[in-house]
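As a plain string of letters, each chain reads:
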Protein chains: 2
Amino acid sequence: MHRATLREVAEKAGVHPATASRALNAATESMVNAGTAARIQKVAKELGYTPNPIARSLKTSRSMSIGLVIPDLTNPLFPPIVRGVEDVLRPAGYNAWIVNTDSQTDVESAAVDSLRQRNVEGFVFATALLEQPLLEELAASSVPMVLVNRSTASADIPSVTPDDAAGVVLAVQHLIDLGHRHIVHLAGPQDTSTGATRRKAFRQALEDQDLPHDSSGIHYCETWSEEAGARGMGALLDSGPPFTAVLAGNDQLALGAYDALAERGLRCPDDVSVVGFNDIPFIDKVSPPLTTVRIPHVEIGAEAGRLLLELLDDPTRHPRSLLLPVKLVVRGSTSPVSEARMP
Amino acid sequence: MHRATLREVAEKAGVHPATASRALNAATESMVNAGTAARIQKVAKELGYTPNPIARSLKTSRSMSIGLVIPDLTNPLFPPIVRGVEDVLRPAGYNAWIVNTDSQTDVESAAVDSLRQRNVEGFVFATALLEQPLLEELAASSVPMVLVNRSTASADIPSVTPDDAAGVVLAVQHLIDLGHRHIVHLAGPQDTSTGATRRKAFRQALEDQDLPHDSSGIHYCETWSEEAGARGMGALLDSGPPFTAVLAGNDQLALGAYDALAERGLRCPDDVSVVGFNDIPFIDKVSPPLTTVRIPHVEIGAEAGRLLLELLDDPTRHPRSLLLPVKLVVRGSTSPVSEARMP
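Keep in mind it's a predicted model, so treat the numbers as computed, not measured. (Residues numbered from 1 in each chain as written. Chains lettered and ligands numbered in written order. Predicted model: local features only at pLDDT ≥ 70, side-chain atom pairs only at ≥ 80, totals over all residues.)

### Details of the sheet that holds strand E6 (residues 183-187) of chain B
Residue and element names in this part refer to chain B. Heads up, the condition is: Here a strand pair is declared whenever DSSP counts at least two bridges between the two strands. In this description a helix means any DSSP run of H or I spanning at least four residues, a strand means any run of E spanning at least two, and both kinds are numbered starting from the N terminus. Lines fitted to C-alpha atoms define the axes here, with helix axes fitted over just the stretch in contact, and angles between the N-to-C directions of these axes take values from 0 to 180 degrees. Contact between two residues is assigned whenever their backbone-derived C-beta positions fall within 7 Å.
Read from one edge to the other, the open sheet built from six strands follows the order E7-E6-E8-E9-E10-E12, with strand pairing classed as mixed. At either margin of the open sheet sits one strand with a lone partner, and together these are strand E7 (218-220) and strand E12 (327-329). Each strand axis lies, on average, 20° off the axis of its neighbour in the sheet, ignoring direction. In terms of strand pairing, strand E9 (residues 273-278) meets strand E10 (residues 291-294) through four bridges, oriented parallel. In the sheet register, asparagine 278 faces E10, and the bridge partner there is arginine 294. Against the sheet, helix H9 (residues 193-208) makes contact with E6, E7, strand E8 (245-248) and E9, and its axis sits at roughly 170° relative to E6, the strand it touches most. Sheet contacts for helix H10 (residues 226-239): E6, E7 and E8; angle to E6, the most-contacted strand, approximately 145°.

Here you go:
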């Protein structure tokens with residue numbers, strides 16, 4: 001389909017292309033004689049001319065679009081975060097273009113290149129690893145960006161994250177209140193801030209409470225998936241220390257713990273209490289409904305959107321990071337430890 | 001940050017910009033004297049020159065990107081479809097830019113404009129309504145596009161959808177096999193092909209089986225949400241015909257049916273059997289695990305990706321639409337009707 005060019009409009013109207021361009025831009029229209037402008041606009045309409053926005057974006061660099069980079073959309077944690085980001089950006093006139101990286105750094109880097117080539121004005125990343133050269137490079141090039149849910153080891157990049165350490169303390173205290181003294185941990189991947197922070201806070205909480213905290217009570221899961229949680233829980237049951245409760249690094253790992261318990265004929269919470277982290281959608285409907293640390297998904301996304309808008313407004317603004325409060329939601333997967341089960 | 005231009009590279013290398021351009025493009029490099037090309041490439045490297053891809057895309061119109069338009073990412077049905085589309089497009093070198101429209105046509109239309117301005121090469125839409133002028137317009141402009149999960153009333157646009165009618169027959173037959181003869185339907189929005197097709201198939205199945213099929217046994221839900229399902233089930237329980245089983249238009253409506261039953265002190269499946277549709281992630285873990293019609297999410301997305309690749313390859317290809325088979329997954333939400341409950 002042929003699209004009429006500015007040159008064709010100018011030719012038909014008998015003016016220089018620069019004049020046609022001025023007449024067709026609201027900001028410069030007044031620089032052209034009113035009668036001429038009207039004639040040019042009429043010709044443009046007749047020819048079905050629309051300004052070529054890519055050519056225009058070469059000059060203005062404004063796309064009114066941002067990139068939203070997600071590690072795994074099938075993890076129910078992320079869609080509500082996306083919603084929060086969009087709730088803030090949309091009224092400000094921005095589109096979010098979402099990219100799903102499957103946690104692959106080469107996919108991420110290709111997608112980021114492609115989005116930058118299309119002049120997105122900034123990024124929200126939910127994919128941060130503690131060490132991630134791509135993000136450091138972008139930050140060094142002053143690309144406006146905000147990290148959401150996870151942060152990097154460096155504090156130079158603005159981020160919005162849940163208060164992971166406080167969440168762990170709430171979960172451990174809840175288990176202690178129920179009489180548990182032998183608690184183990186299914187730790188998430190340690191190259192993410194969520195995995196590392198929660199694991200460290202778990203260890204610290206046991207120490208602060210004078211509970212046994214042998215390193216054999218922590219299993220490191222390779223991914224954040226239910227399958228990894230099932231394998232980890234299996235390993236703890238088979239060769240870990242005796243325990244009556246487990247804190248999982250996230251809700252999917254907790255679901256995996258359910259699977260491993262069921263496979264061995266153990267009951268939750270009667271035999272083992274399970275606590276998750278995140279309070280993903282639907283986790284209140286599983287059997288038993290999961291006790292978990294609720295992070296404010298939509299609000300985390302919305303705050304990330306607000307930080308990004310501030311940066312787009314004033315790119316020189318000093319980076320700020322936000323830690324959002326969490327709370328414990330007690331459901332059916334935790335119960336008082338039965339004396340018979342005390343190791 | 002200043003980005004070195006082609007002109008600056010050419011100036012420093014002492015050549016015409018057109019020569020510099022040829023030397024820096026693998027496809028045209030051989031047109032330049034080898035020594036000159038090497039000198040230009042060295043200068044480009046020193047100055048940190050990278051070709052301006054927007055300027056380039058003005059000429060080539062190739063962005064190697066497609067738009068993937070989703071009505072609601074927080075509906076667990078869609079992320080696996082996204083994954084299927086990406087599984088096919090990524091190895092073919094395409095990025096998918098995902099847009100979440102919140103089922104708002106103005107958001108959709110703005111996002112589609114913005115993506116077209118950035119030269120996406122085609123679209124996959126999961127947002128189709130039976131009547132949707134935007135999609136008809138795009139089709140009329142020969143924009144390569146494929147509909148996924150839902151179709152429009154016109155068969156002109158290629159689509160990949162589950163065999164909704166066959167799924168309804170499987171569900172109704174299962175309930176009949178369990179002795180149910182009084183079955184009602186929570187119908188989804190009738191402006192979507194999934195809502196309308198499933199509702200018509202339900203009515204037809206009852207008629208074919210000589211079961212009562214009064215129109216009072218169908219409740220029309222305004223949205224596909226759990227809340228709408230709870231309201232609809234409440235209305236059927238309060239003022240519908242007597243029944244022992246309900247077929248919900250999708251799994252979220254079925255979850256709403258659970259809520260309405262629980263609120264009235266009724267048990268599923270003892271008092272009322274419930275069947276859903278889609279088999280979304282996690283629905284096997286709710287209590288009771290939901291009997292539902294499984295649609296092949298990832299495969300539906302993958303087939304849509306394949307159809308789009310074919311269209312990108314040959315835009316004149318005659319539109320094809322695919323109907324993918326479904327199957328019934330029997331879980332704990334359906335049981336034989338108890339004689340005491342027979343109306």
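### Topic: the interface of chain B and chain A
For clarity, the threshold we go by: Residues are sorted three ways: Asp, Glu, Lys and Arg are charged, Ala, Val, Leu, Ile, Met, Phe, Trp, Tyr, Cys and Pro are nonpolar, and all the rest, Gly among them, are polar.
In this assembly, 34 residues from chain B lie in contact with 34 residues from chain A. Taken together, the elements giving at least two residues each to the side of chain B that touches chain A come down to helix H4 (53-60), helix H5 (78-89), strand E2 (95-100) and helix H6 (105-117) of chain B. Class assignment for the residues of the side of chain B that touches chain A results in 18 nonpolar, eleven polar and five charged.

### Examining the nonpolar core
Counted only if it meets this: Any nonpolar core is a set of buried residues, restricted to Ala, Val, Leu, Ile, Met, Phe, Trp, Tyr and Cys, that join up through C-beta atoms within 7 Å. We call a residue exposed when 12 or fewer other C-beta atoms sit within 10 Å of its C-beta, buried when the count reaches 20 or more, and partly exposed for counts in between; the C-beta positions come from the backbone.
Judged by nonpolar contacts, the single largest core of 161 residues is most densely connected at A:Val246, A:Ala257, B:Val246 and B:Ala257. Setting aside anything within four residues of it in sequence, one finds A:Val246 in contact with A:Ile183, A:Val184, A:Leu186, A:Met233, A:Ala257, A:Val272 and A:Val274.

### A word on the packing of helix H5 (residues 78-89) of chain A against helix H12 (residues 297-313) of chain A
Residue and element names in this part refer to chain A. To be explicit about the condition: Note that the term roughly parallel is reserved for angles under 35 degrees, roughly antiparallel for angles over 145, roughly perpendicular for angles of 65 to 115, and oblique for everything else. Note: crossing handedness is left-handed where the near helix turns anticlockwise from the far helix by less than a right angle, and right-handed where it turns clockwise.
Closest axis-to-axis distance for the H5/H12 pair is 6 Å, and the angle between their directions is 40°. Classified by the interaxial angle, the pair formed by H5 and H12 is oblique. Crossing angle aside, the handedness with which H5 passes H12 is right-handed. Where H5 approaches H12, its residues Pro80, Ile81, Val82, Arg83, Gly84, Val85, Asp87, Val88 and Leu89 are matched on the opposing element by His297, Val298, Glu299, Ile300, Gly301, Ala302, Ala304, Gly305, Arg306 and Leu309. Looking at the contact of H5 with H12 residue by residue, the classes come out as eleven nonpolar, four polar and four charged.

### A closer look at the sheet that holds strand E7 (residues 218-220) of chain A
All names here are of chain A. Here we have six strands laid out as an open sheet, ordered E7-E6-E8-E9-E10-E12, and mixed in their pairing. Each having just a single partner strand, E7 and strand E12 (327-329) make up the two edges of the open sheet. Strand-to-strand twist in this sheet, taken as the mean axis angle between neighbours without regard to direction, amounts to 20°. Against the sheet, helix H11 (residues 251-263) engages strand E6 (183-187), strand E8 (245-248), strand E9 (273-278) and strand E10 (291-294), with an angle of about 155° to E9.

### Some thoughts on the environment of A:His318
Mapping A:His318 onto the fold places it in the loop between H12 and strand E11 (322-324). Linking A:His318 and A:Cys221, residues 97 residues apart in sequence, is a C-alpha distance of 36 Å.

### Thoughts on the domain arrangement of chain A
Note the cut-off: Where each domain begins and ends follows an automated or database-derived domain assignment.
You can read the domains of chain A as domain 1 (6-51), domain 2 (64-162 + 297-324) and domain 3 (164-294 + 328-341). Between domain 1 of chain A and domain 2 of chain A, the C-alpha centre-to-centre distance is 40 Å.

### Description of the relation of the copies chain B and chain A
To be explicit about the condition: Alignment of copies: least-squares fit on C-alpha atoms of residues with pLDDT of at least 70 in both copies.
After a rotation of 180° and a shift along the axis of 0.3 Å, chain B superposes on chain A with an RMSD of 0.3 Å. Taken together, these values place the two copies in the relation of a two-fold axis. Residue B:Val286, judged by its C-alpha, is the member of chain B lying nearest the rotation axis, at 2.1 Å.

### A look at the environment of B:Leu135
Residue and element names in this part refer to chain B. Relative to the elements of secondary structure, leucine 135 occurs in helix H7 (residues 133-140). When the 25 C-beta atoms within 10 Å are taken as the criterion, leucine 135 is described as buried. On a C-alpha basis, the gap between leucine 135 and phenylalanine 125 in space is 8.8 Å, while along the polypeptide they are ten residues apart. Among all residues touching leucine 135, those that are not within four sequence positions of it are Phe125, Ala128, Thr152 and Ile157.

### What to know about helix H3 (residues 34-47) of chain B
Residue and element names in this part refer to chain B. Quick reminder of the rule: An expected span of 1.5 Å times one less than the residue number is assigned to each helix.
Given a rise of 1.5 Å per residue, 14 residues ought to cover 20 Å, and the 20 Å separating the end C-alpha atoms of H3 matches this to within 8%. Among the structural elements, helix H1 (6-13) and helix H2 (17-23) are those in contact with the buried residues of H3. Count one or two residues on from H3 and you reach glycine 48, which has phi positive near 65°.

### Thoughts on the environment of B:Ile81
All names here are of chain B. Looking at the secondary structure, you find isoleucine 81 in helix H5. By the C-beta count within 10 Å, which is 27 here, isoleucine 81 ends up buried. Along the primary structure isoleucine 81 and isoleucine 300 are separated by 219 residues, whereas in three dimensions their C-alpha atoms are 6.5 Å apart. Excluding anything up to four places from it in sequence, isoleucine 81 contacts Ala126, Val148, Asn149, His297, Ile300 and Gly301.

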